[in-house]
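If you want the building blocks of each chain, they are given just below.
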Amino acid sequence: MEEKELRGSKVFADLFVPGAFKEQEQFLKVAEELEIRIAPGNYDLLVTNDHKELRKNRRKYLLAAGIAKSNKEAAKLLVDTYYDFIIIDGFRLRRNVAQMARRYETPLLIPLFYYIREEKLRELSRTLELLNHYSFIFLIGSGAETLGQLRAGRDLAAIAILFGLYPDKAHLAVTKWPLQVIKRAEELERNPAWGVEIWD
Amino acid sequence: MGLKKPSRRYYAFLPMESTTQKDLLHSLRSVLGLVDFARAEITVEVYGQIFMVSCRREFLYRVRGAIALKYQVKPLAVSGTRKGLQRLLARQGIKIAVRKGKR
């Protein structure tokens, strides 16, 4: 069953590659070789925690994200509907934040190399184990700051599985769910009034 | 009655940075730990620039994760048999002469 899941989708997306803000072309080249789409690069991404800046520049970018350095900050950012996803900056996720993410339908992104670089492997393992028990969208990204930290989609999923995430969820977190976030953002962008959903 | 599912997996990849068979085995051993490393029954073979790792089926994800943790690699193919792997690689235009199995 696990293998069937892994064979399903072939489009992989890594929505948070901080290194690509500086050297976008080189990152795009490597990403193409690894058959993965990245943000920033393939998709425009605005990363800010400043609410004023976010509201001012939101329409210029396809995706917007905030970086949470603690559970408290994550809870604060999750309330803002302007964000497409919230990046968890290497801390152990608490249950109440996961519940909030589910309620506000804002995905959380786990940048694997943020945890690995700072040797917070226990926090990563606990966070991924917690995510196993919630039925909401979350994303797995590399959080690559150098070219060497960029990984192929299945490899990102494999690292997450190594740290305790279920294989089916790991695969969805690098294929279907990021594409859902992008699709949602594209639909919002097409609307005449940003952020207003038009029902037929 | 279908065919028996192969109990092993063969995974071929191309490392983006240079490495050796020994280094790869060392890193797998350090990430997986002695017990899992022994239980996974890992073997590594090198065909030019392409590496082929075989392990027990249930350890494939962990082995791939352990490789990806240290090395940036381009995954090429995964198969249950050597012959299958050879065919999948041939489809991508890569020809390797895999050695025969135990039989």
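**Quick notes on the sheet that holds strand β3 (residues 50-56) of chain B**
Either a parallel or an antiparallel arrangement is found when strands of a sheet pair, and the pairing is made through backbone hydrogen bonds.
All names here are of chain B.
Link 1 in the chain: Pairing is antiparallel across the open sheet formed by four strands, whose spatial order is β2-β3-β1-β4. Two strands close off the open sheet at either side, each with one partner strand: β2 (43-47) and β4 (73-79). This sheet shows a mean twist of 25° between the axes of neighbouring strands, independent of strand direction.
Link 2 in the chain: Note: strand β1 (residues 8-15) against β3, six bridges, orientation antiparallel. Residue pairing in the sheet places Y11 in a bridge with V53 of β3.

**Overview of a positive patch on the surface**
Residues and elements named next belong to chain A.
Link 1 in the chain: Where like charges cluster on the molecular surface, the positive patch consists of R92, R94, R122 and R126.
Link 2 in the chain: Here R92 lies in the loop between β5 (85-88) and α5 (95-104).
Link 3 in the chain: On the basis of relative accessibility, which here comes to 35%, the residue R92 falls in the partly exposed class.

**Here's the deal with the side chain of T19 of chain B**
All names here are of chain B.
Link 1 in the chain: Among the secondary structure elements, T19 is positioned in the loop between β1 and α1 (21-32).
Link 2 in the chain: Residue classification places T19 among the buried residues on the basis of a relative accessible area of 17%.
Link 3 in the chain: Here Y71 takes part through its side chain, which lies 3.3 Å from a polar atom of the side chain of T19.

**Observations regarding helix α4 (residues 82-91) of chain B**
Residue and element names in this part refer to chain B.
Link 1 in the chain: Listed as buried for α4 are R82, G84, L85 and L89. The buried side chains of α4 occupy one side of the element, clustering within an arc of 160° when seen end-on. Away from its buried face by more than 90 degrees, α4 exposes K83, R87 and R91.
Link 2 in the chain: In this fold, the buried residues of α4 make contact with β1, β2, β3 and β4.
Link 3 in the chain: Directly after α4, the chain includes G93, whose backbone phi takes a positive value near 85°.

**Re the interface of chain A and chain B**
Link 1 in the chain: Facing the 21 residues of chain A at the interface are 20 residues of chain B.
Link 2 in the chain: Across the interface of chain A and chain B, roughly 1,600 Å² is buried in total on both sides, 61% from carbon and sulfur atoms.
Link 3 in the chain: Where chain A packs against chain B, one counts one salt bridge.
Link 4 in the chain: With a shortest N-O distance of 3.9 Å, R64 of chain B and D155 of chain A are connected by a salt bridge.
Link 5 in the chain: Applying the counting rule to chain A against chain B returns four residue pairs in polar contact (both at pLDDT 80 or more).
Link 6 in the chain: Elements with a minimum of two residues in the side of chain A that touches chain B: α1 (2-7), α2 (24-33), α6 (112-117) and α8 (153-162) of chain A.
Link 7 in the chain: Residue composition of the side of chain A that touches chain B, grouped by class: 14 nonpolar, one polar and six charged.

**Description of the environment of R87 of chain B**
Link 1 in the chain: Note that R87 of chain B resides in helix α4.
Link 2 in the chain: Placed 42 residues apart in sequence, R87 of chain B and E45 of chain B show a C-alpha to C-alpha distance of 17 Å.

**A short note on the pairing of strand β6 (residues 108-111) of chain A**
All names here are of chain A.
Link 1 in the chain: Going residue by residue along β6, you find L108 and I110 tucked away on one face and L109 and P111 tucked away on the opposite face as well.
Link 2 in the chain: In this sheet, β6 lies alongside β5 in parallel orientation, the contact comprising two bridges. Paired with I87 across the bridge in β6 is L109.
Link 3 in the chain: Taken together, β5, α5 and β6 constitute a β-α-β crossover, and its handedness is right-handed.
Link 4 in the chain: When β6 meets strand β7 (residues 138-141), the two strands line up parallel, connected through four bridges. When the sheet's bridge partners are listed, L109 is paired in β7 with L139.

Rules of the game
- Residues numbered from 1 in each chain as written.
- Chains lettered and ligands numbered in written order.
- Predicted model: local features only at pLDDT ≥ 70, side-chain atom pairs only at ≥ 80, totals over all residues.
- Heavy atoms only, no water.
- Pairing = 2+ DSSP bridges.
- Helix = DSSP H or I, 4+ residues; strand = E, 2+ residues; numbered from the N terminus.
- Axes fitted to C-alpha atoms, helices over the stretch in contact; angles between N-to-C directions.
- Patch = residues over 30% accessible without salt bridge, like charges linked within 9 Å, V, L, I, M, F, W, Y side chains within 5 Å.
- Areas by Shrake-Rupley, 256 points an atom, 1.4 Å probe, with all protein chains shown as cover.
- Salt bridge = Lys/Arg side-chain N within 4 Å of Asp/Glu carboxyl O.
- Lys, Arg positive; Asp, Glu negative; His and termini not counted.
- Charge placed at Lys NZ, Arg CZ, Asp CG, Glu CD.
- Buried < 20%, exposed > 50% of the residue type's maximum accessible area, 1.4 Å probe, protein only.
- Polar contact = N/O pair within 3.5 Å; in protein donor to acceptor, adjacent residues only side chain to side chain.
- Arc of directions from axis to C-beta.
- Contact = heavy atoms within 4.5 Å.
- Buried area = accessible area lost by both parts, 1.4 Å probe.
- Nonpolar A, V, L, I, M, F, W, Y, C, P; charged D, E, K, R; others polar.
- Right-handed = clockwise from strand over helix to strand, strands pointing away.

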